[in-house]
Amino acid sequence: MAELENKHDKEKNSNKNSLDMDKEVAKYTIKDSVFTNLFQDKKYLLQLYKALHPEDTDITQDKLTDVTIKNVLTDNIYNDLGFMVGNRLMILVEAQSTWTMNIIIRALMYLVQTYHDYFERTKQNLYKSKKVQMPKPELYVIYTGDRKNKPTEVSLSEEFFGGEDCCIDVKVKMIYDGKEGDIINQYVVFTKICSEQIAIYGRTKKAILEAIRICKDKNVLKEYLESKEKEVVDIMMVLYDEQEVMRSYVESEVYDEKIATARRLLKKGKMSIEDIAECSGLPIDIVENLNSELQLT
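Treat the numbers as computed from the prediction; the structure is a model and nothing was measured.

Trainee: What is the right way to read the overall build of the chain from this model?
Mentor: For the chain, the helix and strand inventory stands at eleven helices and six strands. Across the 297 residues that make up the chain, the buried fraction comes to 40%. Long-range pairs, those at least 24 residues apart, make up 60% of the contacts in the chain with a sequence separation of at least 6. Carbon and sulfur atoms make up 51% of the accessible area of the chain, which totals about 17700 Å².

Here it is as structure tokens:
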């Protein structure tokens, strides 16, 4: 049993060291997603705005103000985008393959923080009698997963309070595919091609390079990918590293929980070794060794 415990401790320490090392690497490398990196360039940001407001034909790059909140409090890759156009405050959140209504809360929190920063930047005092000036918000989610029967708009009061009257409500417009050829459509196609190549080659550099090659051949984000190919590869690899580190960490934590469950059941002495193995998800030989260890204490 001591050998099994030593082996587990080594695996756990290896996972922890790997986690610490990758966190350290990620901390000093690119923390954008491709989504935020793409739209940091005002050329593409203008295309994004015009895709959302095609009627606004007079807007130029110099009228766009980036108000994206930099993710300085956590080490996670972020994929939220904020910018202002005149009196419009545009907030976009990217949701990838996982559909969740929690995205509404995320958009709301992002909006509140953006307003906080805006009032500070414009030196407006909320505690004085003069009414503050504030831009009108528009909240969007770009969802790159399978649309199926997803709604065109989601509401805080509808989803969390059963549609009852509430002192606060947030409405978020959902974007799925964009219009063929526009910047939103190209980005969504890029994510889907990446997913296809990951399915073939796994989360590897080869998958990323193949996805980039295919996109350039299909004229999908071609100019962006040609000018920033290395940066895109780095972004994607950091993302894959963080996901793999988290998977290893979770697996280690789950194993610890299984050991703890088996020990607890053995101490109660009301179940057979076989039943404990089934309940804990551990092999019978490990449960037997745990039982022998407990008999010696």
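Trainee: What's the story with the packing of aromatic side chains in this structure? I'm lost.
Mentor: Both the distance between ring centres and the angle between the ring planes are used here to describe each pair of aromatic rings. Counted according to the given criterion, the structure contains eight aromatic pairs. Aromatic pair phenylalanine 35 and phenylalanine 39: ring centres 5.5 Å apart, planes at 80 degrees, arrangement edge-to-face. On the criterion of helical spacing, the pair formed by phenylalanine 35 and phenylalanine 39 is a turn pair, its members being four residues apart in helix H2 (residues 34–39). When its relative accessible area of 0% is taken as the criterion, phenylalanine 35 is described as buried. Pairing tyrosine 143 with tyrosine 176 gives two aromatic rings, centres 6.3 Å apart and planes at 85 degrees, and the pair type is edge-to-face. You can see tyrosine 143 sitting in strand S4 (residues 136–143) and its partner tyrosine 176 sitting in the loop between strand S6 (171–175) and helix H6 (183–201), a full 33 residues away along the chain. An identical accessibility class is assigned to tyrosine 143 and tyrosine 176; each is buried. Put simply, the rings of Phe35, Phe39, Tyr187 and Phe190 pair up and form one aromatic cluster.

Trainee: How should I be thinking about the pattern of salt bridges in this particular structure?
Mentor: For side chains of opposite charge, pairing can occur when their charged atoms come near one another. A full pass over the atoms with the stated rule returns ten salt bridges. Between glutamate 55 and arginine 88 there is a salt bridge; the shortest N-O distance is 3.9 Å. Linking glutamate 55 in the loop between helix H3 (42–52) and strand S1 (64–66) with arginine 88 in strand S3 (residues 88–95), this pair joins segments that are 33 residues apart in sequence. The exposure class of arginine 88 is partly exposed, given its relative accessible area of 25%. A salt bridge links arginine 106 to aspartate 80; its shortest N-O distance comes to 2.7 Å. You can see arginine 106 sitting in helix H4 (residues 102–121) and its partner aspartate 80 sitting in strand S2 (residues 80–85), a full 26 residues away along the chain. Residue arginine 106 is classed as partly exposed on the basis of its relative accessible area, which comes to 31%.

Trainee: Honestly, the state of the cysteines in this entry has me stumped. Any pointers?
Mentor: What is meant by a disulfide is a covalent connection between two cysteines, made through their sulfur atoms. Enumeration over the complete set of coordinates arrives at zero disulfides. Cysteine cysteine 166 shares no disulfide, and the gap to the nearest cysteine sulfur, in cysteine 167, comes to 4.6 Å. With relative accessibility at 34%, the residue cysteine 166 sits in the partly exposed group.

Trainee: Where do I start with the pairing of S3 in this structure?
Mentor: If a strand is regular, its side chains alternate between the two faces of the sheet. Burial analysis of S3 places seven of its eight residues in the buried class, the great majority of the element. Pairing geometry for S2 and S3, over six bridges, is antiparallel. By the bridge assignment, phenylalanine 83 is partnered in S3 with methionine 90. Note that S3 and S4 share eight bridges and pair parallel. Bridged to isoleucine 91 within S4 is leucine 139.

Trainee: Before we go on, may I ask you to explain the sheet that holds S1 in this structure?
Mentor: Two strands in a sheet stick together by hydrogen bonds in their backbones, pointing the same way (parallel) or opposite ways (antiparallel). The strand order across the open sheet built from six strands is S1-S2-S3-S4-S6-S5, with neighbouring strands paired in mixed fashion. Here the strands that pair on one side only, and so sit at the sheet edges, are S1 and strand S5 (153–155). Ignoring strand direction, the axes of neighbouring strands in this sheet form an average angle of 30 degrees. Across three bridges, S5 lies against S6 in antiparallel orientation. Bridging from a neighbouring strand, serine 155 pairs with lysine 171 of S6. Along the sheet, H3 contacts S1, S2, S3, S4 and S6; its crossing angle with S2, the most-contacted strand, is approximately 80 degrees.

Trainee: Just checking my understanding: could you explain a negative patch on the surface for this structure?
Mentor: Together, Glu274, Asp275, Glu278, Asp285 and Glu288 make up a negatively charged patch on the protein surface. Contributing elements (two or more residues each) for the negative patch: helix H10 (273–280) and helix H11 (284–296). Sort the elements by how many residues they give to the negative patch and H10 lands first, with three residues. Tracing the backbone shows aspartate 275 in helix H10. Accessibility expressed as a relative area gives 38% for aspartate 275, which makes it partly exposed.

Basis of the calculations
All residue numbers refer to position in the chain's written sequence, counted from 1. With pLDDT at 70 or above as the cut-off, local features in this predicted model cover only qualifying residues; side-chain atom pairs require 80 or more to be listed or tallied, and sums for whole chains, interfaces and linings still use all residues. The side-chain numbers reported here are obtained from all heavy atoms of the structure, hydrogens and water having been left aside. Secondary structure elements follow DSSP: runs of H or I no shorter than four residues count as helices, runs of E no shorter than two count as strands, and numbering proceeds from the N terminus. Accessibility here uses a 1.4 Å probe with only protein chains present; expressed as a share of the type maximum, an area under 20% marks a residue as buried, one over 50% as exposed, and anything in between as partly exposed. The contact criterion used is simple: two residues touch if any of their non-hydrogen atoms lie within 4.5 Å. For every accessible area listed, the method is Shrake-Rupley and the probe measures 1.4 Å; residues are considered covered only by the protein chains on display. Centre distance within 6.5 Å is the pairing criterion for rings of Phe, Tyr and Trp, where only the six-membered ring of Trp is used; planes under 30 degrees apart are then read as stacked, over 60 as edge-to-face, and the remainder as tilted. Within this document, salt bridges are pairs made up of a side-chain nitrogen of Lys or Arg and a carboxyl oxygen of Asp or Glu, the two lying within 4 Å of each other. Here, a disulfide means two cysteine sulfur atoms that sit within 2.5 Å of each other. Pairing between strands requires that DSSP locate at least two bridges from one strand to the other. Whenever a helix is involved, its axis is fitted only over the stretch in contact; in every case the axis is a line through C-alpha atoms, and angles between N-to-C directions fall within 0 to 180 degrees. Note on patches: the residues involved have over 30% relative accessible area and no salt bridge, like charges join within 9 Å, and the nonpolar side chains Val, Leu, Ile, Met, Phe, Trp and Tyr join within 5 Å. Positive charges are assigned to Lys and Arg, negative charges to Asp and Glu, while His and the chain termini are left out of the count. Charge positions come from single atoms, namely NZ of Lys, CZ of Arg, CG of Asp or CD of Glu.

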